[in-house]
Amino acid sequence: MKLIFKVIGLLILLILAAMLILPVVFKDEIVAQVNDLINENVEAEVKIEDYSLSLFRSFPNFNFQLEKITVDGKDKFKGIRLVDIGEFELDLDLWSVISGDGYRIKGIHLHNTSIHVLVDEMGNANYDIAKESDSPDAPVEADPNAEPSSFSLNLDSYSIENFNLIYEDKQSLVGAEIIELNHSGSGNFSEAIFGVKTKTNIKSLTAESEGIAYLNKVITSADFDIEIDNNTGKFTFGENTVKLNDLQLNFEGFVSMPEGENIGMDMKFSSPQNSFKSVLSLIPAVYFEGFEELKTDGNFEVKGELVGEYDEVYEKYPSFDFDFKVADASIQYPDLPAAVKGININTHIYNKSSDLDGMVIDVKKAQAIVAGSPIDASMNLKTPMSDPNIQAYIKSDFNLANIAKAIPMEGLDYTGNVKADLNFAAKMSDIDKEAYDNVKAEGSMQLINIVLAGADVPIPINIKDANLLFSPQYADLQSFNMIFGKSDISATGRMDNLLPYALRDDSLHGS
């Protein structure tokens, strides 16, 4: 019995000794491979402050850790840090390291990472740091005698902790910001067909284009269950959910991207919730601290599908069908006396063809009563690419003082009345041919004693009256009287070429 305990004790000592000695033996070899890989492929100022190799942190695997990795731009992007990584960890299968046959990666972990992507006005990108090939024009052919890769990627787990991203494209006027993304998942990426399950949480997600924020500091979470087929390039989505603030969306289906072929897809999505408050949470002006106390009523429904193929060469697109409905909804802020009631929206956007010209945008109904002031609108757009054919209608009678009782507008005070009754129907081809008999553009807009003041209005504005009549050929300004600060302004006249200006950005003429 004593002999057994001695043997066990000896084994424990040997294991502890191996855990101390093996990292030292193999550390330089692994670090050399990482540095060679970076230097062969990157043209930038890359710095790695420290590294370590240990068996204690992830026994029975090696844990290789790089600390404080930075990538700084050169030339025109000098002084702009592209990447700043606090810690980068790899868990390596112990036997694969000892045998020398190739490293089997069991885990990848990224901690405290910030990335700043910048594209300037000329289209130059600070992430374009890959070294150019010696023969950039020569086709890359596979070597039939080449040995298979010595790396195997069967991840027990991978994670990204506290990831931050700033994306600025000054050429396309597109931007995005991610604050505190945490992501984890697992999957055997070395197999031809494998499953991946992931969890993602983002403290703040912002996405904007041309100055319009489509997502503004949205709290985001997502659970994905994906099967990946490397043989066919097919991604099959099982039970997947995305939550944006208080709105949850489910989706399922597949996307197929075989090499050298069109991208195929069959995706369906819907929202399992029917609370109007959920969709309100995506509107930046509504989603605020204390959102839980907002009084809402009514239902909403969103569903859609995307089916077919995308062909970049021939500009063919999958068909799609999207429905968004709000029924008998209302909203009232906790500190305001009035409410927005009678909210009804019925929107159907679809395309049954492979050409975007077949798209139809049909806003059948858009109604609301804001503190007693009604608004009623509709819009239908067909053949948007070849010959835009649009029908639109809007009618409202707004008392601005009452609106302030239902919708908070900090820094802005307003009173007065806005009346509008506009009806429009036309094809762009008829406007181009000046066939105004086929164009319907009629109605009027009146502003009565509008006063705008407050902290956000440096010079008070008082529009005593403005009366604008519309016709297919022009808009007739019958009267306009305004006090701007201490200046009186009066005007009459007309604006010609209004429809081409509004629909096609042509020049506006007037007198």
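Residues numbered from 1 in each chain as written. Predicted model: local features only at pLDDT ≥ 70, side-chain atom pairs only at ≥ 80, totals over all residues. Heavy atoms only, no water.

Draft legend 1. Layout of the overall build of the protein chain. When its secondary structure is counted, the protein chain shows 6 helices and 24 strands. Evaluated residue by residue, the protein chain yields a buried proportion of 34% over its 511 residues. For the protein chain, restricting intrachain contacts to residue pairs at least 6 apart in sequence, the fraction spanning at least 24 positions comes to 49%. Accessible area of the protein chain: about 30400 Å², with a carbon and sulfur share of 54%. (Helix = DSSP H or I, 4+ residues; strand = E, 2+ residues; numbered from the N terminus. Buried < 20%, exposed > 50% of the residue type's maximum accessible area, 1.4 Å probe, protein only. Contact = heavy atoms within 4.5 Å. Areas by Shrake-Rupley, 256 points an atom, 1.4 Å probe, with all protein chains shown as cover.)

Draft legend 2. Local environment of the environment of Ser 330. Tracing the sequence through the fold places Ser 330 in strand β13 (residues 319–332). Excluding residues within four positions of it along the chain, Ser 330 makes contact with Phe 276, Lys 295, Thr 296, Asp 297, Val 340, Lys 341 and Ile 343.

Draft legend 3. Representation of the nonpolar core in the model. Phe 276, Phe 300, Val 326, Ile 331, Val 340 and Ile 343 are the most contacted members of the largest nonpolar core, which totals 29 residues. Where this core is concerned, the elements lending two or more residues are α3 (276–280), β12 (295–310), β13, β14 (340–351), β15 (360–370), α4 (400–403), β20 (461–470) and β21 (474–484). A per-element tally of this core places β13 first, with 4 residues. Look past the residues within four positions of Val 326 in its chain and what remains in contact with it is Phe 276, Asn 299, Phe 300, Ile 343, Asn 344 and Ile 345. (Core = buried A, V, L, I, M, F, W, Y, C linked by side-chain atoms within 4.5 Å.)

Draft legend 4. Broad picture of unusual backbone geometry. A positive phi angle is found at Asn 162, which is not glycine, with a value near 55°. Inspection of the secondary structure assignment puts Asn 162 in strand β5 (residues 151–169). Overall, Asn 162 belongs to the partly exposed group, its relative accessible area being 25%. For Thr 383, which is not a glycine, the phi torsion comes out positive at approximately 35°. Here Thr 383 is to be found in the loop between β16 (373–382) and β17 (389–399). Accessibility expressed as a relative area gives 30% for Thr 383, which makes it partly exposed.

Draft legend 5. Region of the structure containing the pairing of β21. Two strands pair when backbone bridges link them, and β20 and β21 are joined in this way by 9 bridges, in the antiparallel orientation. Paired with Ile 461 across the bridge in β21 is Phe 484. A loop of 3 residues connects β20 with β21, the two strands running antiparallel in sequence. As judged from the 4 bridges shared by β21 and strand β22 (residues 487–490), these two strands associate in the antiparallel manner. In the sheet register, Ile 483 faces β22, and the bridge partner there is Asp 488. Connecting the antiparallel pair β21 and β22 is a turn made up of 2 residues, with Gly 485 showing a positive phi of about 70°. (Pairing = 2+ DSSP bridges.)

Draft legend 6. The pattern of salt bridges, seen in detail. Taken as a whole and judged by the stated rule, the model has 8 salt bridges. Note that Lys 68 is salt-bridged to Asp 84, the shortest N-O span being 3.1 Å. Remark: Asp 84 occurs in strand β3 (residues 81–93) and Lys 68 occurs in strand β2 (residues 61–72); sequence separation between them is 16 residues. Within the structure, one salt-bridge network assembled from shared partners comprises Lys 68, Asp 72, Arg 81 and Asp 84. (Salt bridge = Lys/Arg side-chain N within 4 Å of Asp/Glu carboxyl O.)

Draft legend 7. Quick peek at the packing of aromatic side chains. In this structure the tally under the stated criterion is 5 aromatic pairs. Consider the rings of Phe 300 and Phe 324, whose centres lie 6.2 Å apart with planes at 45°: the pair is tilted. Of this pair, Phe 300 sits in strand β12 while Phe 324 is found in strand β13, placing the two residues 24 residues apart along the sequence. There is no split in this pair, since Phe 300 and Phe 324 are both buried. These aromatic residues form a ring-pair network of at least three members: Phe 224, Phe 237 and Phe 251. When the ring centre of Phe 254 is taken as reference, the NZ or CZ atom of Lys 234 above it lies at 4.5 Å. (Phe/Tyr/Trp six-rings, centres within 6.5 Å; stacked < 30°, edge-to-face > 60°. Lys NZ or Arg CZ within 6 Å of the ring centre and 35° of its normal.)

Draft legend 8. Highlighting the pairing of β14. Inspection of the sheet shows β13 paired to β14 by 9 bridges, in the antiparallel sense. Its bridge partner lying in β14, Asp 323 is registered against His 348. Summarising the sheet, β14 and β15 pair through 9 bridges and their orientation is antiparallel. Within β15, the residue paired with Ile 345 across the bridge is Ala 366.

Draft legend 9. Up close: the environment of Lys 131. Considering the arrangement of structural elements, one finds Lys 131 in the loop between β4 (103–119) and β5. Between the C-alpha atoms of Lys 131 and Asn 41, which are 90 residues apart in sequence, the distance is 5.4 Å.

Draft legend 10. Structural context of the confidence of the model for the protein chain. Looking at the protein chain as a whole, the pLDDT averages 82, with 82% of positions reaching at least 70. Counting interchain partners and residues more than four positions distant, the pLDDT-below-50 stretch residues 1–20 has 8 contacts. (pLDDT = per-residue confidence, 0-100.)

Draft legend 11. Representation of the side chain of Asn 344 within the structure. Its location among the elements puts Asn 344 in strand β14. Judged by its relative accessible area of 15%, Asn 344 is buried. In terms of polar contacts, Asn 344 uses its side chain to reach the backbone amide nitrogen of Asp 328, at 2.9 Å. Reaching out from Asn 344, the side chain makes a polar contact with the backbone oxygen of Gly 342 at a distance of 3.3 Å. Leaving out residues up to four positions away in the same chain, Asn 344 has contacts with Val 326, Ala 327, Asp 328, Lys 365, Ala 366 and Gln 367. (Polar contact = N/O pair within 3.5 Å; in protein donor to acceptor, adjacent residues only side chain to side chain.)

Draft legend 12. View of a nonpolar patch on the surface. Together, Ile 459, Phe 484 and Ile 489 make up an exposed nonpolar region whose accessible area comes to about 230 Å². Tracing the chain through its elements places Phe 484 in strand β21. (Patch = residues over 30% accessible without salt bridge, like charges linked within 9 Å, V, L, I, M, F, W, Y side chains within 5 Å.)

Draft legend 13. View of the environment of Leu 282. Checked against the element boundaries, Leu 282 lands in the loop between α3 and β12. A relative accessible area of 23% means that Leu 282 is categorised as partly exposed. In the structure, Leu 282 is positioned 68 residues away from Tyr 214 in sequence and 8.9 Å away in space, judged by C-alpha atoms. Residue contacts for Leu 282: discarding those within four places in its chain leaves Val 218, Leu 244, Asn 245 and Leu 247.

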